[in-house]
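# Architecture and fold: a report
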Amino acid sequence: MASSRFNSIIIILFICTISLSIGSISCKEDLITNQAALFVFGDSLFEAGNNNYFDSVSSFRSNFWPYGKTTFKFPTGRVSDGRIMIDFIAEHAWVPLIPPNLQPGYSNSQLTYGLNFATTAAGVFAGTFPGSSKDLGTQLNNFKNVEKTLRTNLGDAEARRVISKAVYLFHIGANDYQYPFFANTSTFSNTTKQRFIDFVIGNTTTVIEELYKLGARKFGFLSLGPFGCTPSASIIERTKIGSCFEPVTELINLHNQEFPKVLRRLERRLPRFKYALHDFHTSLSQRINNPSRYGFKEGKKACCGSGPLRGINTCGFRNGPSQGYELCENADDFVFFDPSHLTEKAHQQIAELIWSGPPNVTAPYNLKTLFRL
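About the cut-offs
Residues numbered from 1 in each chain as written. Predicted model: local features only at pLDDT ≥ 70, side-chain atom pairs only at ≥ 80, totals over all residues. Heavy atoms only, no water. Helix = DSSP H or I, 4+ residues; strand = E, 2+ residues; numbered from the N terminus. Buried < 20%, exposed > 50% of the residue type's maximum accessible area, 1.4 Å probe, protein only. Contact = heavy atoms within 4.5 Å. Areas by Shrake-Rupley, 256 points an atom, 1.4 Å probe, with all protein chains shown as cover. Pairing = 2+ DSSP bridges. Axes fitted to C-alpha atoms, helices over the stretch in contact; angles between N-to-C directions. Left-handed = near helix turned anticlockwise from the far one by under 90°. Nonpolar A, V, L, I, M, F, W, Y, C, P; charged D, E, K, R; others polar. Salt bridge = Lys/Arg side-chain N within 4 Å of Asp/Glu carboxyl O.

Going by an unreviewed UniProt entry, the protein carries the name GDSL lipase/esterase and comes from Arabidopsis thaliana x Arabidopsis arenosa.

The following block contains the structure:
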């Protein structure tokens, strides 16, 4: 069904191209006025290749085998064996694959379908994995440049229409909570955990409000996943292999308790502000803890990596040829492809819940409803 839908989009675009060349149909206007764009902000969960196009640390790129091996048959920069949830959501929304905004060569006409600003290792703060990603503030600035281009190409009225009709999808914050432990910083000796969470949510809220000022009205969010329970996190404490890393788990749980309250306040305060919030934490936890229920054989071990649970990220000789890695036979058997990132199959299942999940999973709207508004 999904591939059929995507093929239909390609056919429509082909017909429009031919029609435009002979001047018989004004497809440009139809596509602009009838199509809701998808603009994506966040981290490696949504990464579609932006890290390929700037001088990021090589260990945060995924432009090598076996990434991309399942569907694309070559590495695209997605941190998975194949497609990611953004790709499946785009198919449901009847838009082509959303290109990375740093990718050279995409046409201005593609902007009316959206862009993906997410980068691996991104956080709300510029100091999270510095030099390895584009933080949320930088992603916002990149969008502002796109907004100016839309106004130049389409005129103010049509640009406003595209911006207000679009959906803005976010997953951000998890790296901010993981980085202090990764870098062994003194973050939590200088501030309380609750204050740090307030900073993360407050900075995220500022970006949301900035987009709203530019005309954005429809937003999608994922709660932060159980990133203290990934294969990489589950081997941090050597005496508790397979157990969640509690310091990160605690921060993520506190974040997930507070963030919905902020969204409800925004909804009350900002006219026409509408949002979807998917309970990604529960969706992924269910698959980690009960993999067979969702068609997987392994929920806690990665398909690609080395060491216990394949939790050391050497996938694809990421850290050089001297560090080997193991690769599973069938990625569809696994929830995690590498020690921190999902397989295409897991991405697809989560995407379905974001798109059309019931209110106990995605609320107060799901993305299907937002795209129709």
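There is more to say after this.
Across its full length, the protein holds 12 helices and nine strands. Of all 373 residues assigned to the protein, the portion counted as buried reaches 54%. A sequence separation of at least 24 residues applies to 71% of the contacts in the protein between residues at least 6 apart. Accessible surface computed for the protein: about 15800 Å², of which carbon and sulfur atoms make up 52%.

For the rest of this paragraph, the subject is the sheet that holds strand β3 (residues 218-222). Judged by pairing direction, the sheet is mixed, and its five strands sit side by side in the order β1-β2-β3-β4-β9 without closing on themselves. Of all strands in the sheet, those bounded by a partner on one side alone are β1 (38-42) and β9 (362-364). On average, each strand axis in the sheet is tilted by 20 degrees relative to the strand beside it, whichever way the strands run. Two strands pair when backbone bridges link them, and β1 and strand β2 (residues 167-171) are joined in this way by five bridges, in the parallel orientation.

Looking now at the side chain of T343. Relative to the helices and strands, T343 resides in the loop between β8 (334-336) and α11 (344-356). In this structure T343 comes out as buried when scored by relative accessible area, which is 0%.

Our next topic: the packing of helix α8 (residues 193-214) against helix α9 (residues 246-269). Their axes nearest at 10 Å, the elements α8 and α9 cross at an angle of 40 degrees. Of the two elements, α8 crosses α9, and the hand of that crossing is right-handed. Within the contact between the two elements, α8 uses K193, Q194, I197, V200, I201, T204, T205, I208 and E209 and α9 uses E250, L251, L254, H255, E258, F259, V262, L266 and R269. In terms of residue class, the contact of α8 with α9 is built from nine nonpolar, four polar and five charged.

Below, the discussion takes up unusual backbone geometry. Of note, the bond from W65 into P66 is cis; its omega dihedral lies within 30 degrees of zero at 10 degrees. Mapping P66 onto the fold places it in the loop between β1 and α3 (85-92). Cis geometry marks the peptide bond from A363 to P364; its omega dihedral reads -5 degrees. Looking at the secondary structure, you find P364 in strand β9. Here the phi dihedral of K73 falls at roughly 70 degrees; this positive angle occurs in a residue that is not glycine. Checked against the element boundaries, K73 lands in the loop between β1 and α3.

The next point concerns the environment of C303. Within the fold, C303 resides in the loop between β5 (298-302) and β6 (304-305). Its relative accessible area of 0% is what places C303 among the buried residues. Expressed as a C-alpha distance, the spacing of C303 and T343, which sit 40 residues apart in the sequence, is 8.4 Å. Setting aside chain neighbours within four positions, we find C303 in contact with R310, E326, L327, C328, A331, F334, F336 and F337.

Next up on the list: the pattern of salt bridges. Counted by the stated rule, this structure contains 13 salt bridges. Notably, a salt bridge pairs R161 with E158, separated by 3.2 Å at the nearest N-O pair. Here R161 pairs with E158, and both are found in helix α5 (residues 156-165), just three residues apart, close to one helical turn. The partly exposed category is assigned to R161, whose relative accessible area is 40%. On the accessibility criterion, E158 (24% relative accessible area) is partly exposed. A salt bridge links E250 to K193; its shortest N-O distance comes to 2.9 Å. One end of the pair, E250, is in helix α9; the other, K193, is in helix α8, and 57 residues separate them in sequence.

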